[in-house]
Amino acid sequence: MNIQNLEQWMKNIKVTNMVNADVEVVNNSPLVMMGKGRQGAVFQLTNDICVKVFGNTEDCDREYYALSLGQQTTLFPKLYGKGPLYIVMEIIQGVDLREYLQSQPLTKALSAKLIEMLITFKKIGYERIDHHKRQIYLQPDGSLKVIDVARTIWRDRVYPYPRKLLTSLGEENKAIFLSHVQEMAPELYSEWLHYIRMEEISRQITALLLPQEPDKNKIKNISNTLLTTADEKNYVTKLQGLVHKVFKEEWVKAMLARGVDPEAVMAKIDEHWDQLEQNFAERHPEGESSYGGVKRFEGDQHSKGDREYREGKRFEGDSGRRSKGAKGGKGGRHFAGDRYENRDRYDEKRDKKKDKKKDKDKKGR
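Residues numbered from 1 in each chain as written. Predicted model: local features only at pLDDT ≥ 70, side-chain atom pairs only at ≥ 80, totals over all residues. Heavy atoms only, no water.

Engineer: Sorry, what's going on with helix α6 (residues 186-209) here?
Structural biologist: Along an α-helix, a turn takes 3.6 residues, which lines up residues three or four apart on a common side. Relative to the 34 Å expected for 24 residues at 1.5 Å per residue, α6 spans 35 Å between its end C-alpha atoms, a close match to the ideal helical length. Regarding α6, the residues found buried are Y189, W192, I196 and E199. In the core, the buried residues of α6 are packed alongside α4 (108-124) and α5 (163-184). (Helix = DSSP H or I, 4+ residues; strand = E, 2+ residues; numbered from the N terminus. Expected span 1.5 Å × (residues − 1). Buried < 20%, exposed > 50% of the residue type's maximum accessible area, 1.4 Å probe, protein only. Contact = heavy atoms within 4.5 Å.)

Engineer: Honestly, helix α2 (residues 57-69) in this entry has me stumped. Any pointers?
Structural biologist: Its 13 residues place the ends of α2 18 Å apart at the C-alpha level, agreeing with the 18 Å of an ideal helix rising 1.5 Å per residue. Burial in α2 covers these residues: D59, C60, R62, E63, A66 and L67. Across the axial projection of α2, the buried residues extend over an arc of 165°, all falling on one side. Looking at the buried positions of α2, the neighbouring elements they touch are β1 (13-18), β5 (49-54), β6 (79-82) and β7 (86-90). (Arc of directions from axis to C-beta.)

Engineer: Looking at this structure, I do not really get the sheet that holds β7. What am I missing?
Structural biologist: As a general point, the strands of a sheet are linked pairwise by backbone hydrogen bonds and lie either parallel or antiparallel. Strand order in the open sheet formed by five strands is β3-β4-β5-β7-β6, with antiparallel pairing between adjacent strands. Lying at the two open borders of the sheet, with one neighbouring strand each, are β3 (32-36) and β6. In this sheet, adjacent strand axes meet at a mean angle of 25° when their direction is disregarded. Looking at chain direction, β6 and β7 are connected through three bridges and run antiparallel. Paired with L79 across the bridge in β7 is M89. Contacting β5, β6 and β7, α2 crosses the sheet at an angle of about 155° to β6. (Pairing = 2+ DSSP bridges. Axes fitted to C-alpha atoms, helices over the stretch in contact; angles between N-to-C directions.)

Engineer: What is the right way to read the packing of aromatic side chains from this model?
Structural biologist: Under the definition given, this model contains five aromatic pairs. Ring geometry for F76 against Y126: centres 5.8 Å apart, planes inclined by 70°, an arrangement best described as edge-to-face. In this pair, F76 is assigned in the loop between α2 and β6 and Y126 in the loop between α4 and β9 (136-138), connecting sequence segments 50 residues apart. With respect to burial, F76 and Y126 carry one shared label: buried. An aromatic cluster of three or more residues is present, and its members are F76, F121 and Y126. Above the ring of Y64, the side-chain terminus of K82 is found at 6.0 Å from the ring centroid. Between the NZ or CZ atom of R163 and the centre of the ring of Y159, over which it lies, the distance is 4.7 Å. (Phe/Tyr/Trp six-rings, centres within 6.5 Å; stacked < 30°, edge-to-face > 60°. Lys NZ or Arg CZ within 6 Å of the ring centre and 35° of its normal.)

Engineer: Explain the nonpolar core to me, please; I cannot follow it from the model alone.
Structural biologist: Generally speaking, nonpolar side chains in soluble globular proteins are found buried as a group. Of all hydrophobic cores here, the largest spans 39 residues; its most connected members are F76 and F177. The leading source of residues in this core is α4, at seven residues. With residues near it in sequence (within four places) discarded, F177 still touches L106, S111, L114, I115, L166, L169 and W192. Among the nonpolar cores identified, the runner-up in size contains 14 residues, and M10, I13, V23 and Y86 belong to it. (Core = buried A, V, L, I, M, F, W, Y, C linked by side-chain atoms within 4.5 Å.)

Engineer: How should the side chain of D59 be read in this particular structure?
Structural biologist: Looking at where D59 falls in the secondary structure, it is placed in helix α2. Among all residues touching D59, those that are not within four sequence positions of it are N17, Q39, F54 and A150.

Engineer: Would you mind going over the pattern of salt bridges with me for this structure?
Structural biologist: Where side chains of opposite charge bring their charged atoms close, a pairing between them can arise. Summed over all chains, the structure comprises nine salt bridges. K108 serves as the salt-bridge partner of E183, at 2.7 Å between the closest nitrogen and oxygen. Of this pair, E183 sits in helix α5 while K108 sits in helix α4; the two residues are 75 residues apart in sequence, bridging distant segments of the chain. The class of E183 is exposed, set by a relative accessible area of 52%. Taking relative accessible area as the criterion, K108 reaches 36% and is therefore assigned partly exposed. Shared partners join several salt bridges into a network, and the residues in it are K52, E63 and D148. (Salt bridge = Lys/Arg side-chain N within 4 Å of Asp/Glu carboxyl O.)

Engineer: It is not clear to me how the sheet that holds strand β10 (residues 144-146) should be interpreted in this structure. Could you clarify?
Structural biologist: An order of β8-β9-β10 is seen for the three strands of this open sheet, with the pairing classed as antiparallel. The open sheet has two edge strands with one neighbour each: β8 (95-96) and β10. In the packing of α4 onto the sheet, the strands contacted are β9 and β10, and the crossing angle to β10 comes to about 45°.

Engineer: Can you walk me through the packing of helix α8 (residues 232-257) against helix α9 (residues 262-283) in this structure?
Structural biologist: Helices that pack against each other are described as a pair by the angle of their axes relative to one another and the distance between those axes. Taken N-terminus to C-terminus, the directions of α8 and α9 make an angle of 140°; their axes are 10 Å apart at the nearest point. Considering their axes alone, α8 and α9 lie oblique with respect to each other. Where α8 crosses over α9, the handedness of that crossing is right-handed. Across from V243, H244, F247, K248, W251, V252, M255 and L256 in α8, the residues of α9 making contact are P262, V265, M266, K268, I269, D270, H272 and W273. Classifying every residue of the contact of α8 with α9 by side-chain character gives 11 nonpolar, two polar and three charged. (Parallel < 35°, antiparallel > 145°, perpendicular 65-115°, else oblique. Left-handed = near helix turned anticlockwise from the far one by under 90°. Nonpolar A, V, L, I, M, F, W, Y, C, P; charged D, E, K, R; others polar.)

Now the structure itself:
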């Protein structure tokens, strides 16, 4: 094959991607087009070699990478070269599964080969272990070859069972294939059947929800129960809990990034926050009716300052003074989604330390 001629021919072929349609092709080269699809068009170079020309470099790179992953298997065409918008590869002979099943039965042996194909997809690292029947070719020796594998390594939707393959088989062959799977791999069959049922339930739910129009007036009226800013003391408590929560999360993240022990981080946080509370209590002793008339938030016309909100309360979510739903509560974790151990042991130590301090203060008096 003359590579110099190939480069010139590629300049004379223009492939344009279309929305939900096969590519458009302008061919001013001597090459004969063998076929086209959503990502590109295939041209014959020799009796055994073809070149696939793409409409964009992204699809070209993805397919080349996907094919590269499978070069150690017999399932994919051999690669011979690549350019920015083309891939030179082996021509896949044989008959595709779609044509084959129009005249031949889906045997147990063929079903086994399809299962093995999916296993190979999984082993080599494909995200989507699935393929349409028209992209699966039966060879004269009974083996399988697959083409158009770019979407197996990248897909906005990755199904947990071979949805595209089953759907493309049609209802009759789908039932036959699943019966073969049930016989040969019963656990796999049970898992696929579970996902199929979940999909059907999802469709039923969607069919019920889509036509429904929400009662906006009803939602507006009953949503008042979720409001928290009307009650002065409740608002202040919740706001404190929120600020404290964010404070602890960000400090923990920063300290852990430096390799500091989580319990040591939490001890420092609580020590610092306790000091802030103490200072605040000294500035605003019990009995004060407001915080100098400062409003809760700009635009609130009901606030005359936060009144007597403390009454012995401490920050929601803090140890020793937690609400039931606080993430920092006993038996909970430092913050949602973290990976660290429970704080129970640390809390007990700190509580004992505080009790000793209180006893010491009483004796001193």
